2 protein chains.
Amino acid sequence: MKRVGILGGMGPEATILIMQKILAGVAAQDDSDHLPLIVDQNTQVPSRIKHLLEGGTVDPAPALADMARRLVAGGAEILAMPCNTAHHYADAIRTAVTVPMLDMIELSCAHAASLSDNGIVGVLGSPAVRKVGLFDGPLKRHGLTALYAQDEAQTLAAIRLLKSKGPSPEARAILKTASEELVQRGATVQLIACTEFSLIPEAVSAQANAFDTLDQLVKAIITQATQ
Amino acid sequence: MKRVGILGGMGPEATILIMQKILAGVAAQDDSDHLPLIVDQNTQVPSRIKHLLEGGTVDPAPALADMARRLVAGGAEILAMPCNTAHHYADAIRTAVTVPMLDMIELSCAHAASLSDNGIVGVLGSPAVRKVGLFDGPLKRHGLTALYAQDEAQTLAAIRLLKSKGPSPEARAILKTASEELVQRGATVQLIACTEFSLIPEAVSAQANAFDTLDQLVKAIITQATQ
């Protein structure tokens, strides 16, 4: 088994969630059947949202590159990052180390392509993800078009609520409204594309065929680490 | 804030649990308010129970020392280990690195001393912990005597059940019987001294004044990391 390095802490709840999903994804009789991980629960990465949305001047890329180097120093043989928005800085991470990094965005777009029948994919993510077009290019390469919920202030409010208070009825209501809007605009296939929303997947519209990008990453981690 | 290195994976559920407890123990508005951790979810540490109870020849100490070195290479400034039994090998860890390691056993014995009125402390832990006297010395230094449940085969069966299947009524019943026996023998103050039992703290006797050694470690982590 290969040791998987997790660039985590963005947010810390999502990092715990991916560890739980990896644990649940492996059939085990004893500790040693589970995958070895080294997890950088780095809560001090400069805010991606501040940098991409609010004109912040502190670039998170050097901190992410440093995390990758420290994880490799700690024994990581594959890297994975349970944060959609931070994938905007993936090139800086890949340049910093020689071990491979799994691409949650590409994995998710490929899965969306296997589900979509009308080519429209809803992206339930942070406004920063929409602004930098993180999913647009990869979806386009699969012949798909990204659609985003219109009330970005509400989306951002939900993410902030989840970061500060954890799951709440208010956050669920915002995610539900966004998901229902996307269904009505033709995006039945939807990506839960913010690891804060991964904490409340039950809030998406019952009419949506939604999946969590985090789950695609978990599948790839288990496959790659046990190869 | 100091980055805390977690010697984890013994078992992996307990490592996730301590991360949740650290998260819950810190008031936060945003990711950056939380403690930075680097977590070695090392599921491949040779079995402590095999080595200490079953005559196994593979000593876990070198693997633990290697974890400590890798965590320090990954940026850890303080070390903590959410596994009671593995504290038997703490000297090998302390020798391997220069950063301090918190002592879950000593922290818990000191807390037990603050609670006990008759000097008898029940230890709900693995038979390996009893065999090597992990708590006996530290409790004695606080003027306390350790008491253990008598049916060690059952205790071990519960730990194995928790490692393979997670919390179950069978595991809870065994822990409850052990805890009730200790109360009847005079040990009202009890340590939940196996991180597998940390997954089912509700199973202890209602008459016991029990606390989880993991919670003492969490308190010390938060205090030390924020100093």
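Just above, that's the structure.
Residues numbered from 1 in each chain as written. Chains lettered and ligands numbered in written order. Predicted model: local features only at pLDDT ≥ 70, side-chain atom pairs only at ≥ 80, totals over all residues. Heavy atoms only, no water.

Q: What should I look at first to understand helix α8 (residues 152–165) of chain A in this one?
A: Working note: α-helix, 3.6 residues per turn, so residues spaced by three or four point in the same direction. Residues and elements named next belong to chain A. The first and last C-alpha atoms of α8 sit 20 Å apart over 14 residues, in line with the 20 Å expected at 1.5 Å per residue. In this structure, the buried side of α8 is in contact with α2 (48–53), α6 (127–132) and α9 (169–184). Downstream of α8 by a residue or two, G166 has a phi angle that is positive, lying close to 75 degrees. (Helix = DSSP H or I, 4+ residues; strand = E, 2+ residues; numbered from the N terminus. Expected span 1.5 Å × (residues − 1). Contact = heavy atoms within 4.5 Å.)

Q: What should I look at first to understand the sheet that holds strand β6 (residues 189–192) of chain B in this one?
A: By way of backbone hydrogen bonds, the strands of a sheet pair with one another, either parallel or antiparallel. Residue and element names in this part refer to chain B. Taken in spatial order, the four strands of this open sheet run β5-β4-β6-β7, and their pairing is parallel. The outermost strands of the open sheet, each flanked by one partner alone, are β5 (145–148) and β7 (209–212). Geometrically, the sheet is characterised by an average inter-axis angle of 30 degrees between neighbouring strands, direction not taken into account. As paired elements, β6 and β7 share four bridges and run parallel to each other. If you follow V189 over to β7, its bridge partner there is N209. Strands β4 (120–124), β6 and β7 of the sheet are contacted by helix α5 (residues 104–115), whose axis makes an angle of about 160 degrees with β7. Packed on one face of the sheet, helix α9 (residues 169–184) meets β4, β5 and β6 and runs near 170 degrees to β4. (Pairing = 2+ DSSP bridges. Axes fitted to C-alpha atoms, helices over the stretch in contact; angles between N-to-C directions.)

Q: Explanation requested: the relation of the copies chain A and chain B in the structure shown.
A: The two chain copies are related to each other by a rotation about an axis together with a translation along it. Mapping chain A onto chain B calls for a rotation angle of 180 degrees and an axial translation of 0.0 Å; the resulting RMSD is 0.0 Å. The relationship between the two copies is best expressed as a two-fold rotation axis. (Least-squares fit on C-alpha atoms with pLDDT ≥ 70 in both.)

Q: In this structure, what is going on with the sheet that holds strand β2 (residues 37–41) of chain A? I would like to understand it.
A: With respect to topology, six strands assemble into an open sheet ordered β3(A)-β1(A)-β2(A)-β2(B)-β1(B)-β3(B), the strand pairing being mixed. At either end of the open sheet lies a strand with only one pairing partner, and these are β3 (78–80) of chain A together with β3 (78–80) of chain B. Adjacent strand axes in the sheet meet at a mean angle of 20 degrees when their direction is disregarded. The strands touched by helix α1 (residues 12–24) of chain A are β1 (4–8) and β2 of chain A together with β2 (37–41) of chain B; relative to β2(A), the strand with the most contacts, the crossing angle is about 165 degrees. Set on the sheet, helix α10 (residues 213–225) of chain B makes contact with β1 (4–8) and β3 of chain B; between it and β3(B) the angle comes to about 170 degrees.

Q: It is not clear to me how the packing of helix α1 (residues 12–24) of chain B against α10(B) should be interpreted in this structure. Could you clarify?
A: Think of two packed helices as two axes; the pair is described by the angle between the axes and how far apart they sit. Residue and element names in this part refer to chain B. Packing of α1 against α10 leaves a shortest axis separation of 10 Å and a crossing angle of 50 degrees. Relative to α10, α1 is oriented oblique. Seen along the crossing, α1 lies across α10 with a hand that is right-handed. Residues A14, L17, I18, K21 and I22 of α1 form the contact with α10, whose own contacting residues are L214, D215, L217, V218, I221 and I222. When grouped by side-chain class, the residues that make up the contact of α1 with α10 number nine nonpolar, no polar and two charged. (Parallel < 35°, antiparallel > 145°, perpendicular 65-115°, else oblique. Left-handed = near helix turned anticlockwise from the far one by under 90°. Nonpolar A, V, L, I, M, F, W, Y, C, P; charged D, E, K, R; others polar.)

Q: Sorry if this is basic, but what is going on with the pairing of strand β4 (residues 120–124) of chain A here?
A: Sheet faces and side chains relate simply in a regular strand, where the side chains alternate between the two faces. Residues and elements named next belong to chain A. Of all five residues in β4, four are buried; the element is thus mostly enclosed. Note that β4 and strand β5 (residues 145–148) share four bridges and pair parallel. Residue pairing for β5: V123 is matched across the bridge by Y148. Sheet analysis places β4 next to strand β6 (residues 189–192), joined by four bridges and oriented parallel. Bridge pairing in β6 links G122 to Q190. (Buried < 20%, exposed > 50% of the residue type's maximum accessible area, 1.4 Å probe, protein only.)

Q: Sorry if this is basic, but what is going on with the environment of Q227(A) here?
A: When you line up the elements, Q227(A) lands in the segment after α10 (213–225). In sequence terms Q227(A) and K2(A) are 225 residues apart; their C-alpha atoms lie 8.0 Å from each other.

Q: What am I meant to see in the side chain of S179(B) here?
A: All names here are of chain B. Tracing the chain through its elements places S179 in helix α9. For S179, a relative accessible area of 0% corresponds to the buried category. At a separation of 2.7 Å, a polar atom in the side chain of S179 contacts the side chain of Q190. Contacts of S179, omitting those with residues within four sequence positions, involve L124, Q190, V204, S205 and A208. (Polar contact = N/O pair within 3.5 Å; in protein donor to acceptor, adjacent residues only side chain to side chain.)

Q: What am I meant to see in the environment of T213(B) here?
A: All names here are of chain B. Following the sequence through the fold, T213 ends up in helix α10. Its relative accessible area of 0% is what places T213 among the buried residues. Counting along the chain gives 15 residues from T213 to S198, while the straight-line C-alpha distance between them is 8.5 Å. Residue contacts for T213: discarding those within four places in its chain leaves N84, M104, S108, F135, L191, I192 and A193. At 3.0 Å, the side chain of T213 and the side chain of N84 are in polar contact.

Q: Sorry if this is basic, but what is going on with the pattern of salt bridges here?
A: One side chain can pair with another of opposite charge once the charged atoms of both are near each other. Tallied over the entire structure, the rule returns 24 salt bridges over all chains. The closest approach of N and O atoms between K176(A) and E180(A), which form a salt bridge, is 3.1 Å. With K176(A) and E180(A) both in helix α9 and four residues apart, the pair spans about one turn of that helix. E54(B) is the partner of R160(B) in a salt bridge, and the nearest nitrogen-oxygen pair spans 2.5 Å. Residue R160(B) is located in helix α8 (residues 152–165), and its partner E54(B) is located in the loop between α2 (48–53) and α3 (61–73); the two are separated by 106 residues in the primary sequence. On the basis of relative accessible area, E54(B) is assigned to the partly exposed category, the value being 42%. Taken together, the salt bridges that share partners define one network made up of D31(A), R48(B), K163(B) and E196(B). (Salt bridge = Lys/Arg side-chain N within 4 Å of Asp/Glu carboxyl O.)

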